Amino acid sequence: MTSRKDIPLSVLDLSPIQAGGTPADALHRTLDLARHAERWHYHRYWLAEHHGMPGIASAATAVAIGYVAGGTERIRVGSGGIMLSNHAPLIIAEQFGTLESLYPGRIDLGLGRAPGSNQAVMRAMRRRMESDGEEFPEQLAELRAFLAPRQEGRMVRAIPGEGLDIPIWLLGSSDFSARLAARLGLPFAFAGQFSPAYMQTALSLYRGGFQPSPVLAKPYAMVGVNVFAADSADEAHYLSTSQQQMHLNLQRGIPGQMPPPVRSMEGLWLPHEKAGVESTLRASIIGDPQMVKEQLETFAASTQADELIINSMIYDHAARLRSYEIVAQAWRG
């Protein structure tokens, strides 16, 4: 049986932009968090692609990865994820080939198929409006071919990129990528931080359908989870309200910068809005160090995760650092 201490912990970061702050501030905090995460022995640090979101600074994900990798020494750095349908596979192969060339053995390429944006942003990116993600398997095959060792007669080559060993992960919030990752024998990361309803189904499909490959002999599943840890449970619940407000604004179609926490959400949301936000975030772990340890153990046992990736959307940077520190201390004992 896998010991808790044998399950790696990683960090998922969207580089949240505080109310009244700037993307530069957010990206500087990202690097500071990554340096602390490395010190606390987190395994990897992933950044997520979103576009046109006033509260998220990680849109140019490969650039942000380079900034974090260049400012750290050992921690793996990657994408959680690159939305492949937004890009030409050759460009992603070259970008991540460049990153792997600069920071060998430290780069992960996590891929998703959602747009990470709305239709207006999709038009601005020149993405085909009829695209629904169904082209993802073909784009993935093309990308993997660009990263494979050189083949005679290939007219288009990814330089850098060709022949480099860059781990590819498939990311998902439903069953599509779970089935594809299983069929291809790739590692799979599930977005439990915002899609808890599909979590067990997707993980079961991935493990049940897994076919060994040159990449993996057996399935490897990383599961995302929101964690708000503080020295008291009351403080942890207080910190969690910034993310609740962001999801409320997203539900209303008015995404904004990360607001400061509030003592109570009552009066800010209507009953149906409360139900929607709480459903989306219901897998969140909130509490003091002992509560967080117990809830994380329960979450890891219920998902049988091979790795946990922690998302902590906390307004105050010092409190965010403290939350990740508590998680690391509680997990490692």
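Going along each chain's sequence as written, the residues are numbered from 1 onward. Whole-chain, interface and lining totals are the exception, using all residues; otherwise, since this is a predicted model, local features are given only for residues with pLDDT of at least 70 and side-chain atom pairs are given and counted only at 80 or more. As a rule here, side-chain values come from all non-hydrogen atoms in the structure, and water together with hydrogens is ignored.

A.B. asks: Any chance you could explain the overall build of the protein chain here in plain terms?
C.D. replies: Summing up its helical and strand segments, the protein chain has 11 helices and 9 strands in all. Each principal axis of the C-alpha atoms in the protein chain carries an extent, and together these give about 65 × 50 × 40 Å. Three exposure classes are used, based on accessible area relative to the maximum for each residue type with a 1.4 Å probe and protein chains only: buried under 20%, partly exposed in between, and exposed over 50%. Here the protein chain, with 333 residues, has 52% of them falling under the buried criterion. Only heavy atoms matter for contacts: two residues are in contact if any of them lie within 4.5 Å across the pair. A separation of at least 24 residues holds for 71% of the contacts in the protein chain among residues at least 6 apart in sequence. Note on areas: Shrake-Rupley with a 1.4 Å probe; residue coverage comes only from the protein chains shown. Summed over all atoms, the accessible surface of the protein chain reaches about 14600 Å², with 54% contributed by carbon and sulfur. Numbering of helices and strands runs from the N terminus; a helix is a DSSP stretch of H or I covering at least four residues, while a strand is a stretch of E covering at least two.

A.B. asks: Would you mind going over the pairing of strand β5 (residues 168–172) with me for this structure?
C.D. replies: Moving residue by residue along a regular strand, the side chains alternate between the two faces of the sheet. Counting buried residues along β5, 5 of its 5 residues qualify, which places the element largely inside the surrounding structure. Burial along β5 is two-sided: the face carrying Ile168, Leu170 and Gly172 and the face carrying Trp169 and Leu171 are both buried. Here 3 bridges tie strand β4 (residues 107–112) to β5, and the two strands are oriented parallel to one another. In the strand pairing of β5, Leu109 is matched with Ile168. Of the pairings in the sheet, the one linking β5 to strand β6 (residues 188–190) comprises 3 bridges and is parallel in character. Bridge assignment links Leu170 to a residue of β6, and that residue is Phe188. Following the backbone out of β5, through helix α6 (residues 176–184) and into the adjacent parallel β6, one traces a crossover that is right-handed. Pairing between two strands is assigned when DSSP locates at least 2 bridges connecting them. With strands facing away from the observer, any crossover in which the path from the first strand over the helix to the second runs clockwise is taken as right-handed.

A.B. asks: Looking at this structure, I do not really get the pairing of strand β7 (residues 221–229). What am I missing?
C.D. replies: A large share of β7 lies buried, amounting to 9 of its 9 residues. Residues Ala221, Val223, Val225, Val227 and Ala229 point to one face of β7 and Met222, Gly224, Asn226 and Phe228 to the other, with burial holding for every one of them. For β6 and β7, the ladder comprises 3 bridges, and the chain directions are parallel. Residue Phe188 lies in a different strand from β7, and its bridge partner there is Ala221. Judged from the 5 bridges that link them, β7 and strand β9 (residues 307–311) form a sheet pairing that is parallel.

A.B. asks: Hey, could you run me through helix α8 (residues 233–251) in this one?
C.D. replies: For an α-helix the count is 3.6 residues per turn, leaving residues at separations of three or four pointing the same way. One less than the number of residues in a helix, times 1.5 Å, gives the span that helix is expected to have. Under the 1.5 Å per step criterion, the end-to-end length of α8 is 27 Å for 19 residues, consistent within 8% with the ideal 27 Å. What we call the bend at a residue is the angle made by axes fitted to the seven residues finishing there and the seven residues starting there. Along its length, α8 reaches its greatest deviation from straightness, about 25 degrees, at Thr241. Inspection of α8 places Ala236, Leu239, Ser240, Thr241, Ser242, Gln243, Gln244, Gln245, Met246 and Leu248 among the buried residues, and these make up the whole buried set. Directly beyond the C-terminal end of α8, a positive phi value near 80 degrees is found at Gly253.

A.B. asks: Looking at this structure, I do not really get the packing of helix α10 (residues 289–303) against helix α11 (residues 317–332). What am I missing?
C.D. replies: Relative placement of two packed helices is described by the angle separating their axes and the distance separating the axes. Where α10 meets α11, the axes come as close as 9 Å, and the angle between the chain directions of the two elements is 65 degrees. Taken together, the axes of α10 and α11 are roughly perpendicular relative to one another. Here α10 runs over α11; the crossing is right-handed. Seen from α10, the contacting residues are Pro289, Val292, Lys293, Leu296, Glu297 and Ala300; seen from α11, they are Ile326, Val327, Ala330 and Trp331. By residue class, the composition of the contact of α10 with α11 is 8 nonpolar, no polar and 2 charged. Fitted lines through C-alpha atoms give the axes, limited to the stretch in contact for helices. The angle between two N-to-C directions lies from 0 to 180 degrees. Oblique is the label for any angle not covered by the other classes, which are roughly parallel (under 35 degrees), roughly antiparallel (over 145) and roughly perpendicular (65 to 115). By definition, any crossing whose near helix is turned counterclockwise from its far helix by less than a right angle is left-handed, and any crossing with a clockwise turn is right-handed. Each residue is assigned to one of three groups, with Ala, Val, Leu, Ile, Met, Phe, Trp, Tyr, Cys and Pro labelled nonpolar, Asp, Glu, Lys and Arg labelled charged, and all others, Gly among them, labelled polar.

A.B. asks: Help me understand the pattern of salt bridges, please; the structure alone is not making it clear to me.
C.D. replies: Should their charged atoms come close, side chains of opposite charge can pair. By definition, a salt bridge exists where a carboxyl oxygen of Asp or Glu is found within 4 Å of a side-chain nitrogen of Lys or Arg. Applying the stated criterion across every chain yields a total of 11 salt bridges. For the salt bridge of Arg157 with Glu162, the shortest nitrogen-to-oxygen distance reads 2.9 Å. You can call Arg157 partly exposed: its relative accessible area is 32%. Close ionic contact of Glu266 with Lys274 constitutes a salt bridge, the shortest N to O distance being 3.4 Å. When its relative accessible area of 52% is taken as the criterion, Glu266 is described as exposed. Take Lys274: its relative accessible area is 28%, and that puts it in the partly exposed class. Bridged by salt links that share partners, the residues Arg44, Arg76, Asp108 and Glu307 form one connected network.

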